[in-house]
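Fold and contact review
Chain by chain, the residues:
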Amino acid sequence: MPAPFFDSTASRRDAGPESERVAGKFFCQKGQKVLPRGVTYGPFQPNATGESFPKPAQLTADLETLVQMGFQALRVYHAPSPHLLREALRLDLRLWVSIPWTDHVDFLRSRSLRRAARAAVQQVTQALGQHPAIAAFFVGNEIEKTLVRWLGPARTQAFLEELIALGRSHAPDRLFSYATYPSTGYLVPRNADFLAVNLFLEHRESFAAMLSKLHHLAGDRPLVITEFGLDHLRHGAAAQAEARLWFEEECRAQAVAATFWFSFTDEWFRGGQSVLDWQFGLVDAQRRPRPAAWVQLVGSTARTSMPSVSVVVCTYEGQATLAACLQSLLVQNHPALEILVVDDGSEQDLATLVSAFSGVRYLRQEHAGLSAARNRGLAETRGEIIAYTDDDCIADEDWLARLLLGFTDSPAVACGGPNVPPPPRGPMEAIVAAAPGAPAQVMLDDVQAEHLPGCNLAIRREALKAIGGFREHYQTAGDDVDVCWRLREAGGQLRFVPGAMVWHHRRRTLGAYLRQQRGYGEAEALLRRDHPGRFGLTGGARWAGAIYGENGWLTDLSAARIFHGPQGTAPFQGIYQQTQGRGSLPVLLTGSFGLILFASLTQQLLGLAGLPCLAVVPAWRLWRQRGRRPYPLGWRGELGLFLLCFLQPWVRGWAHLQGMVRLGIMPDLSAQARPATRAWVFPWLPLPTVERAFWSEHGLGREVWLQQAEENLRQQQTAHVLVDDGWQAYDLAWQVGCWGRYELITVTEEHGQHRRLTRVRLGARLPLGWLGLAACLVIVWPWASVPILFGWLLERWRCGRWLDRIAAQVGLSPQRA
């Protein structure tokens, strides 16, 4: 009997039995986990009927060949032709369809382009959304990095999310995503079903490191590599075959949910012409196979030489979920040496329940708390590795195999993986799944962790015994944080393994959720006593790493700090610093002594109405994510979530404060505050901008324009010319005395055959102090608005002339912006 495998999208769609569905970090089909292996196909020069595919006879031969190569999926870049649909259905090939639209130009400035994009998505999803050969749709593919920077990452993300919502309304039983790439790695629609990445790296070590990074971006959703290949023309047949082998090995080892090799054939048509200087195909344009087409690929993550592992399930009144937990442990692809259930004094008859599972041992102790039960499991088992999980968890079938790979491939003393909420058992559990305060890992980098949640935690026996096991005064929570900190203090490393997934039920009622958060607050007080140096003056834990919640990609790009590289040219771009996101902000704000004191002062100043002020802010931030929940809530559920976001910080913070008082703990006044991650910048007022567009028939673009502009400014001895260091929203900037600053940004659109359109935007920023002075002057003497307006118009005209002059100097022709 297979392990239970939940459909994360079941509550959103009524998919047919053949449709792929999201199941945590993987896909499932017909209730079973699937790992699709695919290849890209096309784009091709349009045939006689105008379809962007080969002639029917050639297409049929191609599909039969790639099925013989072992592929089960095909990624195409245009809407599939009727013949392709028929043949894919006959050969049981799943189609992942990209929907093309004009995404290589500034589409946000043009209503007609946006309408055309919506129409393309609507037309394709309406026509194909119910076809049984279709698995997924992509609403875009690799929007160019400098164009995203020009458009604004948040605005671009919002438009892609709009397209996904539109497509899903017409094809609710199909998967949706956008294919990003490392140069815009931050651009991930928050309502996508999976993270799709086109990734071309020539070295295995770099590729493996990038997969670890991408898993954190994906969060609890599947990671799909939608393009990967190696150029036969430049690297040769042997290197291409070797790359395909290690590509599949790394993807299987690191739990990539689906893979697509780029490409099936060298025949490739783009920008109105055939591409002849790249040869990525498994077969050449004449369909002659290369060695890479027939490499023998691995099919399992299991290894023969792995340490023995004992699984310990600690339970207290867990009869509702324990059976499913044990069933999942008995069908692991890598079986455990032993499975032990430690009953921490439940009043219910759990012994009878456990006795129904052959091979599972049961021990009962008087109620002593979670840590005591974990220590009992350590004492009563024999494995080299002790894998702990909770009675409300259901392990993925490869959970143990992937955890053990984490130990065999590294010197880690502890490994853990994600805990994903399964489909809710009721409306309240759906609300709790979206609420803050769920167990989360804390990462020092893409692999090493500072904290791993105890519901999915495996520890080397000798390392755990060396630190004295779990401290038994942690009776309900905090034991995992304490043991992780002590393991690291003893010199051990903690490793996060993205594929070692367990389903973890959230609390089913409001009371259970608030009791859990109260327990977390009490545990924080104990942690403060045991680890005073790890807490700041205001009471929040001082993590060295970054907190990852259950939805890693639900990132508000409007509040993110993105590294684009100098003038937007970095090949790998991403979010390096940002404000605390969903799930972590309320906890950090309210697990603190300082907040309670400040709230008391607020109450004195504003009365009872002042108390909720601090909680309203994080609640509002979470409410902004409506429509992008793990599971749909409806308006009543949204109100319930808002209530939880309001209550959770105060319940947890008050329990923390009560625990401090009970334990006689005072804030550590010697604690040093963390240095600010971002310096305070005096506010500026952005003034209306001047835009120009310049055309070139000879391949000239923004590079020559920016070089000439910088030389011109320096020749004029303009003070304080600033060149973007990778963190700014401009390419060039320069100060104008104390009056303000000009900022300039550019982008070049590719229009094929060396034709390029360069857009330039010049904006001014004025200190708010000058704005206040001008406002006062207009109030005192209204006629002052006339010279102010005239001066502003004159300056805009002068700036436009300067932009045109720079373009003329480098041979660019003016066009309408």
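Residues numbered from 1 in each chain as written. Predicted model: local features only at pLDDT ≥ 70, side-chain atom pairs only at ≥ 80, totals over all residues. Heavy atoms only, no water.

A word on the overall build of the protein
A count of helical and extended segments in the protein gives 23 helices and 35 strands. Out of the 817 residues in the protein, the part that is buried amounts to 56%. Restricting the contact set of the protein to residue pairs at least 6 apart, pairs at least 24 apart contribute 74%. Per element, the accessible surface of the protein, about 34600 Å² overall, is 57% carbon and sulfur. (Helix = DSSP H or I, 4+ residues; strand = E, 2+ residues; numbered from the N terminus. Buried < 20%, exposed > 50% of the residue type's maximum accessible area, 1.4 Å probe, protein only. Contact = heavy atoms within 4.5 Å. Areas by Shrake-Rupley, 256 points an atom, 1.4 Å probe, with all protein chains shown as cover.)

Considerations on the sheet that holds strand S25 (residues 502–504)
Taken together, three strands build an open sheet; the order of strands is S18-S25-S20 and the sheet is mixed. The sheet is open, and its two edges are formed by strand S18 (393–395) and strand S20 (419–420), each paired on a single side. As defined by bridge partners, S20 adjoins S25 across two bridges and the pair is classed as parallel. Along S25, the bridge assignment pairs Asn 419 with Val 502. (Pairing = 2+ DSSP bridges.)

Quick look at the nonpolar core
In this structure, Leu 74, Leu 95, Phe 137, Leu 199, Phe 207 and Ile 225 are the most contacted members of the largest nonpolar core, which totals 79 residues. Discounting residues that sit within four places of it in the chain, Leu 199 has contacts with Pro 182, Phe 207, Met 210, Leu 211, Leu 214, Ile 225, Glu 227 and Phe 228. Counting residues in each nonpolar core, the second largest holds 30 residues, with Ala 395, Phe 407, Ala 412 and Ala 458 among its members. (Core = buried A, V, L, I, M, F, W, Y, C linked by side-chain atoms within 4.5 Å.)

Here we look at the packing of aromatic side chains
Here the structure, examined in full by the defined rule, presents 32 aromatic pairs. With a centroid separation of 6.3 Å and 85 degrees between ring planes, the pair formed by Trp 485 and Phe 535 is classed as edge-to-face. Of this pair, Trp 485 sits in helix H15 (residues 479–489) while Phe 535 sits in the loop between helix H16 (510–530) and strand S26 (546–547), placing them 50 residues apart in sequence. Residue class for Trp 485 comes out buried when judged on its relative accessible area of 1%. Taking the relative accessible area as the measure of exposure, Phe 535 reaches 2% and is therefore buried. (Phe/Tyr/Trp six-rings, centres within 6.5 Å; stacked < 30°, edge-to-face > 60°.)

Focus: helix H2 (residues 82–90)
When H2 is considered as a whole, its buried residues turn out to be His 83, Leu 84, Leu 85, Glu 87 and Ala 88. Buried residues along H2 sit against helix H1 (56–68), strand S5 (73–76), strand S6 (94–98), helix H3 (111–128) and strand S7 (134–141). Trailing H2 by a residue or two, Asp 92 shows a phi angle of about 60 degrees, which is positive.

Side note on the sheet that holds strand S3 (residues 32–34)
Two strands in a sheet stick together by hydrogen bonds in their backbones, pointing the same way (parallel) or opposite ways (antiparallel). The strand order S1-S2-S3 describes an open sheet built from three strands, whose pairing is antiparallel. In this open sheet, the two strands that pair with only one neighbour each are strand S1 (21–23) and S3. Each strand axis lies, on average, 55 degrees off the axis of its neighbour in the sheet, ignoring direction. Sheet analysis places S1 next to strand S2 (residues 26–29), joined by three bridges and oriented antiparallel. Across the sheet, the residue bridging to Arg 21 is Cys 28, located in S2. (Axes fitted to C-alpha atoms, helices over the stretch in contact; angles between N-to-C directions.)

Quick word on the pairing of strand S8 (residues 175–180)
Among the six residues of S8, six are classified as buried, and the element is accordingly described as predominantly covered. Where burial is concerned, the two faces of S8 agree: the one with Leu 175, Ser 177 and Ala 179 and the one with Phe 176, Tyr 178 and Thr 180 are both buried. As defined by bridge partners, S8 adjoins strand S9 (residues 195–198) across two bridges and the pair is classed as parallel. Bridging from a neighbouring strand, Ala 179 pairs with Ala 196 of S9.

Observations concerning the packing of H3 against helix H5 (residues 153–170)
Between H3 and H5, whose axes approach to 8 Å, the crossing angle comes to 30 degrees. Relative to H5, the element H3 lies roughly parallel. The chirality of how H3 crosses H5 is right-handed. Of H5, the residues touching H3 (which contributes Arg 114, Ala 117, Arg 118, Val 121, Gln 122, Thr 125 and Gln 126) are Phe 159, Glu 162, Leu 163, Leu 166, Gly 167 and His 170. Looking at the contact of H3 with H5 residue by residue, the classes come out as five nonpolar, five polar and three charged. (Parallel < 35°, antiparallel > 145°, perpendicular 65-115°, else oblique. Left-handed = near helix turned anticlockwise from the far one by under 90°. Nonpolar A, V, L, I, M, F, W, Y, C, P; charged D, E, K, R; others polar.)

Brief notes about the pattern of salt bridges
With the rule as written, the count across this model stands at 47 salt bridges. Ionic pairing is found between Arg 534 and Glu 450, a salt bridge with its closest N-O pair at 3.4 Å. Here Arg 534, found in the loop between H16 and S26, pairs with Glu 450, found in strand S22 (residues 448–451); they are 84 residues apart in sequence, far enough to count as distant. The pair Arg 534 / Glu 450 is uniform in exposure class, with both members buried. (Salt bridge = Lys/Arg side-chain N within 4 Å of Asp/Glu carboxyl O.)

What about the pairing of strand S10 (residues 223–228)?
Where a strand is regular, its side chains alternate between the two sheet faces. Here S10 lies mainly inside the structure; six of its six residues are buried. As defined by bridge partners, S9 adjoins S10 across four bridges and the pair is classed as parallel. Across the sheet, the residue bridging to Val 197 is Ile 225, located in S10. Each parallel crossover has a hand, and for S9 linked through helix H6 (residues 204–218) to S10 it is right-handed. As paired elements, S10 and strand S11 (residues 258–261) share three bridges and run parallel to each other. Residue pairing in the sheet places Phe 228 in a bridge with Trp 261 of S11. (Right-handed = clockwise from strand over helix to strand, strands pointing away.)

Points about a nonpolar patch on the surface
Taken together, the side chains of Ile 779, Val 780, Trp 781, Trp 783 and Val 786 present a nonpolar region at the surface, about 650 Å² in accessible area. Along the chain, Val 780 falls in helix H22 (residues 768–780). (Patch = residues over 30% accessible without salt bridge, like charges linked within 9 Å, V, L, I, M, F, W, Y side chains within 5 Å.)

Brief notes about the environment of Ala 57
Topologically, Ala 57 is positioned in helix H1. The exposed category is assigned to Ala 57, whose relative accessible area is 65%.

Overview of the confidence of the model for the protein
Taken over all residues, the pLDDT of the protein has a mean of 85, while the share at 70 or more is 84%. In the model, residues 10–17 has pLDDT below 50 throughout and makes 18 contacts with residues more than four positions away in sequence or in other chains. The model gives residues 599–608 a pLDDT under 50, and that stretch makes six contacts with residues more than four places away or in other chains. (pLDDT = per-residue confidence, 0-100.)

What about unusual backbone geometry?
Here the residue pair Gly 42 and Pro 43 is connected by a cis peptide bond, since its omega of 0 degrees sits within 30 degrees of zero. You can see Pro 43 is positioned in the loop between strand S4 (37–41) and H1. Following Phe 262, the chain continues into Ser 263 via a peptide bond in cis, with omega recorded as 5 degrees. The topology assignment puts Ser 263 in the loop between S11 and strand S12 (269–270). Positive phi is not limited to glycine here, since Glu 142 has a value of about 50 degrees. With respect to the helices and strands, Glu 142 occurs in the loop between S7 and helix H4 (145–151).

Focus: the environment of Ala 784
With respect to the helices, strands and loops of the structure, Ala 784 is situated in the loop between H22 and helix H23 (785–810). The spatial distance from the C-alpha of Ala 784 to the C-alpha of Ala 774 is 8.5 Å, given a sequence separation of 10 residues.

Here's the deal with the environment of Glu 242
Along the polypeptide, Glu 242 turns up in helix H8 (residues 237–253). Taking the C-alpha atoms as reference points, Glu 242 and Val 295, separated by 53 residues in sequence, lie 8.3 Å from one another.

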